[in-house]
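Okay, here's what each chain looks like letter by letter:
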Amino acid sequence: MTMKQLYHFCITCHEEVLFRDDEDIRNITNILALEAFGCQVELWADAIMSTHIHGIAFGEADAVIRFCRTLKMRITKYHRYRHRGSGPLFDDGHFLLRLDGNNHILA
């Protein structure tokens, strides 16, 4: 069993605006909560931008990676249903950095 740790994650879409209005923000907030619960990850912070999402997640490394992958899939399905379009929405991969020490966490 691995230890739970804090991770800074970021998933990005450079091709189009993801979150266009209050309804999008409400829905992504619900998707974030449901995926965190499903992957057994705690969200300690999040910042929803128009083209990307930053967050601080607490969990085992494999759970946080699964969270980022499923989050991209769920947001893509939501966005494609609501705003039309097809194909991948996000850039390949995701940014994931383990936070080490109090100063790093505060930064």
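All of the points below concern the structure found in this document. (Residues numbered from 1 in each chain as written. Predicted model: local features only at pLDDT ≥ 70, side-chain atom pairs only at ≥ 80, totals over all residues. Heavy atoms only, no water.)

1. With respect to the overall build of the protein
Here's step 1: When its secondary structure is counted, the protein shows three helices and four strands.
Here's step 2: Helices and strands in the protein line up, N terminus first, as β-α-β-β-α-β-α.
Here's step 3: Its C-alpha atoms give the protein a radius of gyration of 14 Å, within 12% of the compact-globule value 13 Å for 107 residues.
Here's step 4: Referenced to the eigenvectors of the C-alpha coordinate spread, the extents of the protein come out at roughly 40 × 30 × 25 Å.
Here's step 5: Per-residue burial for the protein yields a buried fraction of 36% across its 107 residues.
Here's step 6: Considering only residue pairs separated by 6 or more positions, the protein has 72% of its internal contacts joining residues 24 or more positions apart.
Here's step 7: Averaging the positions of the 12 positive and the 14 negative side-chain charges in the protein gives two centres separated by 5 Å. (Helix = DSSP H or I, 4+ residues; strand = E, 2+ residues; numbered from the N terminus. Rg over C-alpha atoms; globule rule 2.2 N^0.38 Å. Buried < 20%, exposed > 50% of the residue type's maximum accessible area, 1.4 Å probe, protein only. Contact = heavy atoms within 4.5 Å. Lys, Arg positive; Asp, Glu negative; His and termini not counted. Charge placed at Lys NZ, Arg CZ, Asp CG, Glu CD.)

2. Digging into the side chain of Lys-72
Here's step 1: Within the fold, Lys-72 resides in helix H2 (residues 61-83).
Here's step 2: Despite its burial, Lys-72 pairs with no opposite charge; the closest candidate is Asp-92, at 6.1 Å N-O. (Salt bridge = Lys/Arg side-chain N within 4 Å of Asp/Glu carboxyl O.)

3. A short note on the pairing of strand S1 (residues 5-12)
Here's step 1: Burial analysis of S1 places six of its eight residues in the buried class, the great majority of the element.
Here's step 2: Pairing geometry for S1 and strand S3 (residues 52-59), over eight bridges, is antiparallel. If you follow Leu-6 over to S3, its bridge partner there is Phe-58.
Here's step 3: Both S1 and strand S4 (residues 95-98) contribute to a ladder of four bridges, which runs antiparallel. Within the sheet, the bridge partner assigned to His-8 lies in S4 and is Leu-97. (Pairing = 2+ DSSP bridges.)

4. Brief notes about the environment of Met-3
Here's step 1: Structurally, the position occupied by Met-3 is in the segment before S1.
Here's step 2: Separated by 55 residues in the primary sequence, Met-3 and Phe-58 have C-alpha atoms spaced 10 Å apart.

5. Some thoughts on the pattern of salt bridges
Here's step 1: Inspection of every chain in the model, using the stated rule, returns seven salt bridges.
Here's step 2: For Glu-23, the salt bridge is made with Arg-82, and the minimal N-O distance between the two is 3.1 Å. With Glu-23 in helix H1 (residues 22-39) and Arg-82 in helix H2, this residue pair connects regions lying 59 residues apart in the sequence.
Here's step 3: For Arg-82, a relative accessible area of 27% puts it in the partly exposed group.
Here's step 4: The salt bridge partner of Arg-74 is Glu-35, with a shortest N-O separation of 2.7 Å. Of the two residues, Arg-74 is situated in helix H2 and Glu-35 in helix H1; the sequence distance between them amounts to 39 residues.
Here's step 5: Salt bridges linked by common partners bring Asp-21, Glu-23, Asp-24 and Arg-82 together as one network.

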